[in-house]
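Chain residues, written in single-letter form:
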Amino acid sequence: MNFHGFYKSTLLDYPKHLAATVFSGGCNMRCPFCHNASLVLRPHTQPEIPQEEILNYLRKRKNILEGVCITGGEPTIYPDLPLFISQIKEIGLKVKLDTNGTNPAVIKRLTEQNLIDYIAMDIKNSPEKYALTSGNSAIPIDNINESISLILSGKTDYEFRTTIVGELHTQADMESIGNWIRGAKAYYLQSYTDSGDVIYPGFTSPDKETLYRYKEILSAYVEFVDIRGAV
Ligand code: SF4
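Residues numbered from 1 in each chain as written. Predicted model: local features only at pLDDT ≥ 70, side-chain atom pairs only at ≥ 80, totals over all residues. Heavy atoms only, no water.

> I keep staring at the side chain of Lys124 and nothing clicks. Help me out?
Note that Lys124 resides in the loop between β5 (118–122) and α5 (130–134). Judged by its relative accessible area of 10%, Lys124 is buried. In this structure, Lys124 is in contact with Met29, Cys31, Phe33, Asn100, Tyr130, Thr133, Thr162 and His169, ignoring residues within four places of it in sequence. (Helix = DSSP H or I, 4+ residues; strand = E, 2+ residues; numbered from the N terminus. Buried < 20%, exposed > 50% of the residue type's maximum accessible area, 1.4 Å probe, protein only. Contact = heavy atoms within 4.5 Å.)

> Sorry if this is basic, but what is going on with the packing of helix α3 (residues 81–91) against helix α4 (residues 104–112) here?
Helix packing geometry: the angle between the two helix axes and the distance between the axes. In the contact formed by α3 and α4, the axes pass within 11 Å of each other and the chain directions differ by 25 degrees. Between α3 and α4, the crossing angle belongs to the class labelled roughly parallel. For the pair α3 and α4, the sense of crossing is right-handed. Of the residues in α4, those in contact with Leu81, Pro82 and Ile85 of α3 are Val106, Arg109 and Leu110. Of the residues assigned to the contact of α3 with α4, the class counts are five nonpolar, no polar and one charged. (Axes fitted to C-alpha atoms, helices over the stretch in contact; angles between N-to-C directions. Parallel < 35°, antiparallel > 145°, perpendicular 65-115°, else oblique. Left-handed = near helix turned anticlockwise from the far one by under 90°. Nonpolar A, V, L, I, M, F, W, Y, C, P; charged D, E, K, R; others polar.)

> Please explain the packing of aromatic side chains as it appears in this structure.
The geometry of two aromatic rings is summed up by the distance between their centres and the angle between their planes. Scanning all chains against the criterion turns up nine aromatic pairs. Judged by centre distance (6.0 Å) and plane angle (50 degrees), the ring pair of Tyr200 and Phe203 falls under tilted. By relative accessible area, which is 53% here, Tyr200 ends up exposed. Three or more aromatic residues joined by ring pairs form one cluster here, namely Tyr192, Tyr200 and Phe203. Just above the ring of Tyr188 sits the side chain of Arg228; from NZ or CZ to the centre is 3.6 Å. (Phe/Tyr/Trp six-rings, centres within 6.5 Å; stacked < 30°, edge-to-face > 60°. Lys NZ or Arg CZ within 6 Å of the ring centre and 35° of its normal.)

> Even after reading the chapter, I still don't get the site of the ligand, so can you show me in this structure?
Neighbouring the ligand are the residues Cys27, Met29, Arg30, Cys31, Cys34, Val40, Gly73, Asn100 and Lys124. Taken together, the residues that form the shell around the ligand break down as five nonpolar, two polar and two charged. (Near = heavy atom within 4 Å.)

> Where do I start with the packing of helix α2 (residues 51–60) against α3 in this structure?
Two numbers describe how α2 lies on α3: the axes approach to 10 Å, and their chain directions differ by 20 degrees. Here α2 lies roughly parallel to α3, going by the angle between them. Crossing of α2 against α3: the hand is right-handed. Counted together, Gln51, Ile54, Leu55, Leu58 and Arg59 of α2 and Phe84, Gln87, Ile88 and Ile91 of α3 form the full contact between these two elements. The residue inventory of the contact of α2 with α3, partitioned by class, reads six nonpolar, two polar and one charged.

Right, dumping it as structure tokens:
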């Protein structure tokens, strides 16, 4: 795997855990609001962090850290993701995977082999607006469906989450997402903010009232709903 970012410890990326976070380069989506444009579009221009350096650090800090968050980019595009994760598990740390849900076969393998302890899957938008919101009309919606079903029916702890963008999401989309993930145990609304490194600049954040209205809509379908980020 190619890693281009490494937070040595954070409480923000893995719920209720002190974790390190690693960022893999490249992604099969092109979400216009993506806040990591350089990592997604030009990973080769970013300094690469060797896997062994990451693993050595984790070995040294295994008594302080509780877990590792693997994010991107999209980590599941790397065939050697399971191998990397098994090396982390050998150290004795928990693993959280952030994914856009495009590779259900990888999710299935990782969960069946007990390689991940927590999975956070993005729900980009309602199914009808997936091509628009992911910036890739070739994304098979069946794969997203399958990932949702696997997560809902599996034993691995999870959350679904959506980055809410003023220009891309509506109340009707929230109803549609709610129906899609009906019965889920956790869903987070993340307010879009311009990182200064977005794929397509110019989007705006939703206002506070909108986020609270969306939260109420989703609460009819999902056990626990919350808002993340500045509101
Ligand atoms: S926001 Fe979209 S383009 Fe950016 S890393 Fe996530 S899935 Fe890929």
